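Take a look at the letters that make up each chain.
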Amino acid sequence: MSKVFIALQTNDDTRSIIQAILADNPHAIANEQPAMVKIDAEGALVVRRSTIEELIGRDFDLQELHINLISLTGHVDETDDELTLSWNT
Amino acid sequence: MDMKVSKKKLGLKEKYQHMTRGLGWETTYQSMDEVFPYAKYEGIKIHDWDKWEDPFRLTMDAYWKYQAEKERKLYAIIDAYAQNNGHLSVTDARYINAIKLFLNGISPLEYMAHRGFAHAGRQFPGVGPRVACLMQSLDEIRHAQTQIHSLSNYNKYYNGFHEYRHMLERVWYLSVPRSFFDDAYTAGPFEFMVAIGFSFEYVLTNLLFVPFVSGAAYNGDMGTMTFGFSAQSDEARHMTLGLEVIKFILEQDPDNLPIVQQWIDKWTWRGYRVLTLVGMMMDYMLPKRIMSWKEAWEVYFEENGGALFKDLARYGIRPPKWLDQIEQDKDHISHQAWATFYNYAAACNFHTWIPTDDELDWLSQKYPNSFDKYYRPRLEHWREEAKKGNRFYNKTLPMLCQTCQIPMIFTEPGDPTQICYREVDYKDNKYHFCSDGCKEIFEHEPEKYIQAWLPVHQIYQGNCFNEGVDPTAEGFDPLAAVLDYYHLNFGRDNLDFDGSEDQKNFEAWRGMATKNT
Ligand SMILES: [Fe+2]
Ligand SMILES: [Fe+2]
């Protein structure tokens, strides 16, 4: 199974986002590097709006991710509620 | 009083549909073929532009909103960094040479990318890719501007930042990144998208921005970290666009496969060659290192690229050509490049040096198969010579590869003691290449590459001296004349870091920042 990843800047905005991603993807591994966090996951990774909203206590638009996003891999599928990264193989 | 009108909010997909597809139309006063004259000549067959899917579904209104937010964050940090004399908090002044290379060699490519995406976007008959290219074109000019702004702060204090635009079109080593982008920009719109959108953005830019920018942070350079990550925050969108382009083209017609495969082979190799500079920056120019070039290559190319090409196999795409050589090269190219710049430090707008003992040990440990055997003894020899007052400056000009324009510094696959040479006779001339990859790329489009502006040839032809200079005059010094033409100040911008003005100033200013005298 191939790995996908998402990398985010390390800051106050992303702390809860990272926490939410790790909660929703128990198979994911966070890899901390200077000023950034890279989250690797076998096969697929999902970023869920509702989990982030619960943690930050306000509405969150998934497109806000763009502000602190560093990089990602895999096919992207974005809806109002979820952003999914995956490989087909 | 405002009346509350309840209307159903559009979902992301519907909104995107209205704000992109809804904006396009079929032209009638002029035929679509005349309005989009470059859409067909490359041989790519598109039957239905509506099949284009933009996974991020970003519309222009949301685009402006998020980009504005990124700019506010960026400039707050840049200002704070400058106000606080942030340049004195970098690990040591050698580091600053890495960002000289960045400003001179990479930022101008951002501007070229801006032009390229504006051009490609204009030429696609489909609305989806046009909107995506427009956004990327705006992103790229933002990258160029924010990099120039951030680095202009260093120009106030250090040498070598002063004329990147003038130098880009003249200085020998800058023809490498420049010709790479010129090659892409002068291709058709589909090839440009595969070259830059896919091969460069998707397969290779992680290597440039992620470990290197994280390394800038690690070395105390908040300015570079900030513009780097701000640029990179657009990159996820660019990569997604690059991948979408490939999928879209391949799904449209089976005849597109061989054309796309040839582009992937060519552009992965071209981009890989340019990244030699980044490998050298990571292994030699960051005083505090986070990962070696080889490690970064393994994570971002072998692992991610491997997953990508496994996925694309369902379209019949195979991994790029010459991977076996690339696989061996990762132990060597950063060392070969640093040795070259060390040699040619008299003709460079940044400084080079011999790594400290700690750094040599780090390299030995990161490169157990190659460093002690091939590269460390040479560096130690040069260090000994420098101690005796014979700092080695190479005064002869190197032979360049006709395709990538890098001096012939790379070694034979399988034999790191033998320089790799390839040649082709074409019409009445002989052309030289650094590798099978560069040779084959030339053979596919010789009429394009015979026009290459090779800095060494140009110097020998007398085209790199200022007007009025007489190369036949008594005591003519060709190096001095070329440096004048480059606008490079001898003794300030070039030569070894040891003894440089940058080194002395940094020491003095840092002293002033920590003491009262
Ligand atoms: Fe860019
Ligand atoms: Fe080459």
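This text goes with the structure placed above it.
Conventions used here
Here the residue index of a chain counts from 1 through its sequence in written order. Each chain takes a letter, starting from A, and each ligand takes a number, starting from 1, following the order in which they are written. Residues qualify for local features only when their pLDDT is at least 70, as the model is predicted, and side-chain atom pairs are given and counted only at 80 or more; totals for whole chains, interfaces and linings, by contrast, use all residues. Side-chain measures were taken over the full set of non-hydrogen atoms in the model, leaving aside hydrogen atoms and water. Think of it this way: DSSP has to see at least two bridges between two strands before they count as a pair. The numbering of helices and of strands both runs from the N terminus, where a helix is a DSSP run of H or I of at least 4 residues and a strand a run of E of at least 2. Whether two residues are in contact is decided by their heavy atoms: any pair within 4.5 Å suffices. Accessible area that two parts lose when put together, evaluated with a 1.4 Å probe and summed over both, is termed the buried area. Put simply, a salt bridge is a Lys or Arg side-chain nitrogen that is within 4 Å of an Asp or Glu carboxyl oxygen. The definition of a polar contact used here is a pair of N or O atoms within 3.5 Å, where within protein one atom must be able to donate a hydrogen and the other to accept one, and adjacent residues in sequence count solely through side-chain atom pairs. Axis definition: a line fit to C-alpha positions, over the contact stretch in the case of helices; interaxial angles, taken between N-to-C directions, run 0 to 180 degrees. Ten residue types, Ala, Val, Leu, Ile, Met, Phe, Trp, Tyr, Cys and Pro, are classed as nonpolar, four, Asp, Glu, Lys and Arg, as charged, and the remainder, Gly among them, as polar. Note on exposure labels: buried denotes an accessible area under 20% of the residue type's maximum, exposed denotes more than 50%, and partly exposed covers the range between, all computed with a 1.4 Å probe on protein chains only. The nonpolar core is taken to be a set of buried Ala, Val, Leu, Ile, Met, Phe, Trp, Tyr and Cys residues, with the residues joined through side-chain atoms within 4.5 Å. In this description, a donor is an N, O or S atom within 2.8 Å of the metal centre, a cutoff extended to 3.2 Å for sodium, potassium and calcium. Water is not part of the atom list, which can make sites seem incomplete. In short, tetrahedral needs four donors with all angles between 85 and 135 degrees, square planar needs four and octahedral six donors with opposite donors over 155 degrees apart and all other angles between 65 and 115, and whatever is left is irregular. Aromatic contacts are taken between Phe, Tyr and Trp rings whose centres are within 6.5 Å, Trp giving its six-membered ring; a plane angle under 30 degrees counts as stacked, one over 60 as edge-to-face, and the others as tilted. Note on geometry: a ring has a charge over it if NZ (lysine) or CZ (arginine) is within 6 Å of the ring centre and within 35 degrees of the ring normal.

Draft legend 1. Fine view of the pairing of strand E2 (residues 415-419) of chain B. Residues and elements named next belong to chain B. Pairing analysis gives 2 bridges linking strand E1 (residues 411-412) to E2, with the strands arranged antiparallel. By the bridge assignment for E2, Glu-412 is matched with Asp-415. Taken together, E1 and the strand that follows it, E2, pair antiparallel across an intervening segment of 2 residues, in which Gly-414 is found at a positive phi of about 90 degrees.

Draft legend 2. Region of interest: the interface of chain B and chain A. On the side of chain A, 34 residues touch chain B, which itself brings 40 residues to the contact. Both sides of the chain B and chain A interface together cover about 3,200 Å² of buried area, and 58% of this is carbon and sulfur. Along the contact surface separating chain B from chain A lie 1 salt bridge. Salt-bridge contacts for Lys-3 of chain A lead to Glu-303 of chain B; the nearest nitrogen and oxygen are separated by 3.7 Å. On inspection of chain B and its partner chain A, the count reaches 13 residue pairs in polar contact (both at pLDDT 80 or more).

Draft legend 3. Just the packing of helix H11 (residues 256-274) of chain B against helix H12 (residues 276-285) of chain B, in detail. All names here are of chain B. Packing of H11 against H12 leaves a shortest axis separation of 4 Å and a crossing angle of 35 degrees. Across from Tyr-272, Arg-273 and Val-274 in H11, the residues of H12 making contact are Thr-276, Leu-277 and Val-278. Class assignment for the residues of the contact of H11 with H12 results in 4 nonpolar, 1 polar and 1 charged.

Draft legend 4. Quick look at the environment of Arg-318 of chain B. All names here are of chain B. By the secondary structure assignment, Arg-318 is in the loop between helix H13 (293-312) and helix H14 (323-329). A relative accessible area of 36% means that Arg-318 is categorised as partly exposed. For the pair Arg-318 and Gln-261, spaced 57 residues apart in sequence, the C-alpha separation works out to 7.6 Å. Setting aside its immediate chain neighbours within four residues, Arg-318 contacts Gln-261, Asp-265 and Phe-309. A polar side-chain atom of Arg-318 sits 2.8 Å from a polar atom in the side chain of Asp-265.

Draft legend 5. Spotlight on the nonpolar core. Within the largest apolar cluster, 177 residues are counted, with the highest numbers of intra-cluster contacts made by Ile-96, Phe-198 and Met-285 of chain B. Looking at which element gives the most residues to this core, the answer is helix H9 (residues 189-218) of chain B, with 18 residues. With residues near it in sequence (within four places) discarded, Met-285 of chain B still touches Arg-94, Tyr-95, Asn-97, Ala-98, Leu-101, Met-280, Trp-338, Phe-350 and Trp-353 of chain B. Counting residues in hydrophobic clusters, the runner-up holds 8 residues, among them Ile-67 of chain A together with Ala-62, Val-127 and Met-135 of chain B.

Draft legend 6. The coordination of the iron ion (ligand 2), seen in detail. Protein coordination at the iron ion (ligand 2) comes from Cys-401 of chain B (SG), Cys-404 of chain B (SG), Cys-434 of chain B (SG) and Cys-438 of chain B (SG), with a distance range of 2.3 Å. Viewed at the metal, the 4 donor atoms of the iron ion (ligand 2) are separated by angles of 106 to 113 degrees, and the geometry they form is tetrahedral.

Draft legend 7. Spotlight on the coordination of the iron ion (ligand 1). Residues and elements named next belong to chain B. Summarising the metal site, the iron ion (ligand 1) is bound by the protein donors Glu-110 (OE), Glu-140 (OE) and His-143 (ND1), whose distances to it range over 2.1 to 2.2 Å. Donor residues for the iron ion (ligand 1) sit on one chain with the sequence pattern E-x29-E-x2-H. Here the residue Glu-140 and the residue His-143 both occupy positions in helix H6 (residues 127-155), the gap between them amounting to 3 residues, near one helical turn.

Draft legend 8. Inspection of the packing of aromatic side chains at higher detail. Residues and elements named next belong to chain B. The final tally for this structure, using the stated rule, is 44 aromatic pairs over all chains. Where Tyr-154 meets Tyr-158, the ring centres are 6.2 Å apart and the plane angle is 40 degrees; that geometry is what we call tilted. You'll find Tyr-154 and Tyr-158 in the same group, each marked buried. When the centroid spacing of 5.9 Å and the interplanar angle of 70 degrees are considered together, the rings of Trp-353 and Phe-497 count as edge-to-face. Linking Trp-353 in the loop between helix H15 (333-343) and helix H16 (357-366) with Phe-497 in the loop between helix H21 (478-486) and helix H22 (501-514), this pair joins segments that are 144 residues apart in sequence. For Trp-353, a relative accessible area of 3% translates into the label buried. For Phe-497, a relative accessible area of 9% gives the class buried. The ring of Tyr-218 is capped by Lys-288, whose NZ or CZ atom sits 4.5 Å from the centre of that ring. Here Arg-289 stacks its cationic end above the ring of Trp-362, 5.1 Å away from the centre of that ring.

Draft legend 9. A look at the pattern of salt bridges. Residues and elements named next belong to chain B. Taken as a whole and assessed by the stated rule, the structure comprises 51 salt bridges over all chains. With a closest N to O distance of 4.0 Å, Arg-273 and Asp-329 form a salt bridge. With Arg-273 in helix H11 and Asp-329 in helix H14, the pair connects residues that are 56 residues apart, well separated along the chain. In terms of burial, Arg-273 and Asp-329 fall into one category: buried. Put simply, Lys-70, Glu-71, Asp-139, Arg-142, Asp-234 and Arg-237 are held in one network by salt bridges that share partners.

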